[in-house]
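# Structural features, examined
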Amino acid sequence: MNRYEYEQSRKKTNGKRRLKKSVKNFISRVMITIILFLVALILVKDNKEFKKILVDNVYNKSFKFTEAKKVYEKYFGTILSVDKIIPEEEQVFSEKIDYKKSNVYKDGVELTVQKEYLVPSLESGIVVFMGEKEEYGTTVIIQQINGVDVWYANIDAKDIKMYDYVKKGTLIGQTKSKKLYLVFQKEGKYLSYKEYI
């Protein structure tokens, strides 16, 4: 066996080892998740106090996806090393929202912007809602990494989907008219827009 054949054989062997290690790692994570889920089910069945705590935290509170992501990455790392697959270059806007006039509207603010204004994300976060909101129109809600939920309303969002992670400055969509509605909410309380735009 010459040196070239030896190097090729070694690369294949190393690749197989990495694949086996990744598969074992994934299977162990799945098994740990299943075990924790079963333990939670057993505790819920027999313990009314634990059941009440679980119901309050799961059904009555907004799930913080960004905090769960941080905890997961702290203990398990990233699911895939995406930084090696996807180049860092991507289209972002480095601007804040440019508006001509602002008026208080319902629980937030109505901004007068240019027609078909391209709306950037004010902060990084996860898309937790896409749909119609009464008196706001088509709305996208992003749960930001700072814990604030931001409603972007009266926009046409085509390039993002539910549970997408969007970075600060990423294009969310464009306005359907010269009006953009924003609402800032944290833990069920509406916040003043003046602190965020």
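Since this is a predicted model, take the numbers as computed values, not measurements.

Moving on to the pairing of strand S4 (residues 125-133). Relative to strand S5 (residues 137-144), S4 runs antiparallel, the two being bridged by eight bridges. Across the sheet, the residue bridging to Val127 is Ile142, located in S5. Connecting S4 to the next strand, S5, in antiparallel fashion are three residues, including Glu135 with a positive phi near 70 degrees. Note that S4 and strand S8 (residues 165-166) share two bridges and pair antiparallel.

Further remarks concern unusual backbone geometry. The phi angle at Glu135 is positive, at roughly 70 degrees, despite the residue not being glycine. Structurally, Glu135 is set in the loop between S4 and S5. Using a relative accessible area of 46% as the deciding quantity, one classes Glu135 as partly exposed.

Now for helix H3 (residues 65-76). Between its first and last C-alpha, H3 extends 16 Å over twelve residues, near the 16 Å set by a 1.5 Å rise per residue. Trailing H3 by a residue or two, Gly77 shows a phi angle of about 80 degrees, which is positive.

For the rest of this paragraph, the subject is the side chain of Arg29. Along the polypeptide, Arg29 turns up in helix H1 (residues 3-46). Of the side chains with opposite charge, Glu73 comes closest to the buried, unpaired Arg29, at an N-O distance of 10.0 Å. With sequence-adjacent residues up to four places away left out, Arg29 is seen in contact with Tyr72, Phe76 and Thr78.

Applying the stated criterion across every chain yields a total of three salt bridges. We note a salt bridge from Glu135 to Lys106, for which the minimum N-O separation is 2.4 Å. Residue Glu135 is located in the loop between S4 and S5, and its partner Lys106 is located in the loop between strand S1 (101-105) and strand S2 (108-112); the two are separated by 29 residues in the primary sequence. With its nearest N and O atoms 3.7 Å apart, the salt bridge here joins Lys179 to Glu110. Here Glu110 lies in strand S2 and Lys179 lies in strand S10 (residues 179-186), a separation of 69 residues in the sequence.

Another point: the pairing of strand S6 (residues 149-153). Within S6, five of the five residues are buried, leaving the element largely enclosed by the surrounding structure. Alternating residues of S6 divide into Asp149, Trp151 and Ala153 and Val150 and Tyr152, and every residue in both groups is buried. The pairing of S5 with S6 spans five bridges and is classified as antiparallel. Bridge assignment links Val140 to a residue of S6, and that residue is Tyr152. Taken together, the five bridges between S6 and S10 define a ladder with antiparallel strand orientation.

Attention shifts here to the packing of aromatic side chains. As enumerated under the stated definition, the model contains six aromatic pairs in all. Taking the centre distance of 6.2 Å and the plane angle of 85 degrees together, the rings of Tyr136 and Tyr181 count as edge-to-face. Taken together, the residues Tyr136 in the loop between S4 and S5 and Tyr181 in strand S10 connect sequence positions 45 residues apart. Of the two residues, Tyr136 and Tyr181, both sit in the buried class. Cluster of aromatic residues (ring-pair linked, three or more members): Tyr105, Tyr136, Trp151, Tyr181 and Tyr190. Between the NZ or CZ atom of Lys106 and the centre of the ring of Tyr105, over which it lies, the distance is 5.9 Å. If you follow Lys133 out to its NZ or CZ, it ends over the ring of Phe129, 4.6 Å from the centre.

Rules of the game
Residues numbered from 1 in each chain as written. Predicted model: local features only at pLDDT ≥ 70, side-chain atom pairs only at ≥ 80, totals over all residues. Heavy atoms only, no water. Pairing = 2+ DSSP bridges. Helix = DSSP H or I, 4+ residues; strand = E, 2+ residues; numbered from the N terminus. Buried < 20%, exposed > 50% of the residue type's maximum accessible area, 1.4 Å probe, protein only. Expected span 1.5 Å × (residues − 1). Lys, Arg positive; Asp, Glu negative; His and termini not counted. Salt bridge = Lys/Arg side-chain N within 4 Å of Asp/Glu carboxyl O. Contact = heavy atoms within 4.5 Å. Phe/Tyr/Trp six-rings, centres within 6.5 Å; stacked < 30°, edge-to-face > 60°. Lys NZ or Arg CZ within 6 Å of the ring centre and 35° of its normal.

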